[in-house]
Amino acid sequence: ALNNVTSIATLRNNFLIAIAPTVLTKLKQGFNTIFGIFGIPSIATNINGQLLFTQAEFSELTDFQYRYDLLSDLIETYNEIKELLLQINIECIPNVSSFPKHLLLGKVVEENMYKTYRHRIYKSPLSQHETFNRNKVESLIQRVRKLLQRYAVQQGQAVQKIKITPSKIVDSPLGEKAIPYYYQVNNSFLNSWSFEKTANLKQKYNLCYYVQNLAADPEIRQPLLYNSDDSDFLRIEGHLGLNAKESRDNISADIQKYGLDFDLKVLELDSKKNSFSDFVKAHPSLVHRGGVSKGGTFIIVADDKIAVADFYLSYKITEEKEQDCCSLMECSYPWISSLKYLNNLARSLRGTQSKIKLMPQNYMLQIVEYKINGQALIDSPIRVSIPLQDIFKRRIHAVTEALNKRFSKGVVFDFNESQKRFLIIRAKEDRY
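Residues numbered from 1 in each chain as written. Predicted model: local features only at pLDDT ≥ 70, side-chain atom pairs only at ≥ 80, totals over all residues. Heavy atoms only, no water.

**Student:** Describe the overall build of the chain, with residues and values.
**Tutor:** Secondary structure assignment for the chain yields 14 helices and 13 strands. Going through the 432 residues of the chain one by one, you find that 42% of them count as buried. Taking all contacts inside the chain whose residues are at least 6 apart in sequence as the whole, residues at least 24 apart take part in 67%. (Helix = DSSP H or I, 4+ residues; strand = E, 2+ residues; numbered from the N terminus. Buried < 20%, exposed > 50% of the residue type's maximum accessible area, 1.4 Å probe, protein only. Contact = heavy atoms within 4.5 Å.)

**Student:** Go over the environment of Asp379, please, and point to the residues and values.
**Tutor:** For Asp379, the position within the fold is in the loop between strand 10 (375-376) and strand 11 (382-387). Separated by ten residues in sequence, Asp379 and Glu369 place their C-alpha atoms 8.1 Å apart.

**Student:** Before we move on, can you summarise the packing of helix 1 (residues 8-18) against helix 5 (residues 64-87) with the specific residues and values?
**Tutor:** For the pair helix 1 and helix 5, the least separation of the axes is 9 Å and the interaxial angle reads 15°. In terms of their interaxial angle, helix 1 and helix 5 are classed as roughly parallel. The hand of the helix 1/helix 5 crossing is left-handed. Every residue of helix 5 that contacts helix 1 at Ile8, Leu11, Arg12, Phe15 and Ala18 is listed here: Phe64, Gln65, Tyr68 and Leu71. Split by residue class, the contact of helix 1 with helix 5 holds seven nonpolar, one polar and one charged. (Axes fitted to C-alpha atoms, helices over the stretch in contact; angles between N-to-C directions. Parallel < 35°, antiparallel > 145°, perpendicular 65-115°, else oblique. Left-handed = near helix turned anticlockwise from the far one by under 90°. Nonpolar A, V, L, I, M, F, W, Y, C, P; charged D, E, K, R; others polar.)

**Student:** Go over the sheet that holds strand 7 (residues 328-333) with me, naming the residues and quoting the values.
**Tutor:** Here we have three strands laid out as an open sheet, ordered 7-13-12, and antiparallel in their pairing. Each edge of the open sheet carries a strand with a single partner, namely strand 7 and strand 12 (412-416). Geometrically, the sheet is characterised by an average inter-axis angle of 30° between neighbouring strands, direction not taken into account. Where strand 12 lies against strand 13 (residues 421-427), five bridges are found, and the strand directions are antiparallel. Of the residues in strand 13, the one forming a bridge with Asp414 is Leu423. Each of strand 12 and strand 13 is contacted by helix 14 (residues 396-406), which is oriented at about 170° to strand 12, the strand it contacts most. (Pairing = 2+ DSSP bridges.)

**Student:** Tell me what's going on with the pattern of salt bridges, and back it up with residues and numbers.
**Tutor:** Applying the stated criterion to the full structure yields 14 salt bridges. Among the salt bridges present, the one from Asp63 reaches Arg67, with a minimum N-O distance of 3.1 Å. Since its relative accessible area comes to 12%, Arg67 is described here as buried. As a salt-bridge pair, Glu401 and Lys405 come within 3.5 Å of each other at their nearest N and O atoms. (Salt bridge = Lys/Arg side-chain N within 4 Å of Asp/Glu carboxyl O.)

**Student:** A description of unusual backbone geometry should follow, citing residues and the corresponding values.
**Tutor:** With a phi close to 55°, Asp304 is a non-glycine residue in the positive phi region. Relative to the helices and strands, Asp304 is located in the loop between strand 5 (297-303) and strand 6 (306-313). Residue class for Asp304 comes out exposed when judged on its relative accessible area of 62%. At Lys305, a residue that is not glycine, the phi angle is positive and equals roughly 75°. One can find Lys305 in the loop between strand 5 and strand 6. Exposure remark for Lys305: the relative accessible area of 58% places this residue in the exposed category.

**Student:** Can you lay out helix 3 (residues 44-51) for me, pointing to particular residues and giving the numbers?
**Tutor:** Among the residues of helix 3, those classed as buried are Ala44, Ile47, Gln50 and Leu51. Viewed along the axis of helix 3, the buried residues span an arc of 135°, placing them on a single side of the element. Facing away from the buried surface of helix 3 by more than 90 degrees, the exposed residues are Thr45 and Gly49. (Arc of directions from axis to C-beta.)

This is the structure:
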């Protein structure tokens, strides 16, 4: 449907269709059933207030994408609760007449993975694993209530600041991801976001756009300054409602400052050339998740120069200029040093220095040969020196930047963060 989007109205309508009344009805029925088991009042009214809109009401919303995200968070939490409830199989002082005086052990050879005729074991409520599951279900129920209560979006230049926060990819549990911008976070919200962290008294160590209630540790308040290998997604927030090109420039500055691995593009809705609709036709895997995966492309959609929506692609786009006479190709390789070795080498600067010999201050590369189409670009071996301080901050990106500066012609060196592979981009017709 995004192929035909040419205005903010049609873009909004696509999200309104996704937040369908049938979906909301089934979600409310499911939550009412679960809440009834635990003797908790219904939340149907709260869901209606946040997600049930007429066409006219929805046309006034500026946060339509975030309303869709709220629905996704609720569905994800609902599915987590359902999976846990299926695992809770306990019976406290069962009625003796509930069981026959014999046991069915099932077929000798089962035709599928399920034990069709075998009697199940009903565990004691004292079982630690069952207690854990029940406690987590109750925590997830509290999360549902907090998601609906604390949803609020602030927009406008006076209150917004664009921030990039490391997170996890879509198929990770919600509690492992960074808390989105559209929730107003307080201590009660933090307690309900991740059951595992709260159980370990680490609820203030969630990552989030708002840091006022988080731990004061710099790796929590400024996570981009630290290694984020365990994060394969970056939430990008605070740009909606601001000037699209200024937002692009601010995000681009952060890409350079922190050595982030993704590309960025701004598309106007009403542009006749290179329109958003044309872009979607060329890249149909475009999705909205409030950020971008590492190694992907973040798309800001603008209407009258104002950022109104965002999407992302899981890959980077190689731009082809109209006057180009050749096309490009990308080759990937493992780097000559392991990432673990580079990290340890860079961290040596922060450790106790040896009193016997000088510790290395630079990572040295020696290039002995560099040819393109049989033509040598260097006459003798060249040594490229990269300060370990740069390696500590940007890892392989510091190496590729140094190579691009030293060899500004021929090929382009890059690094794919998600694949952990060194990249060489060259013209298809060339041999190097």
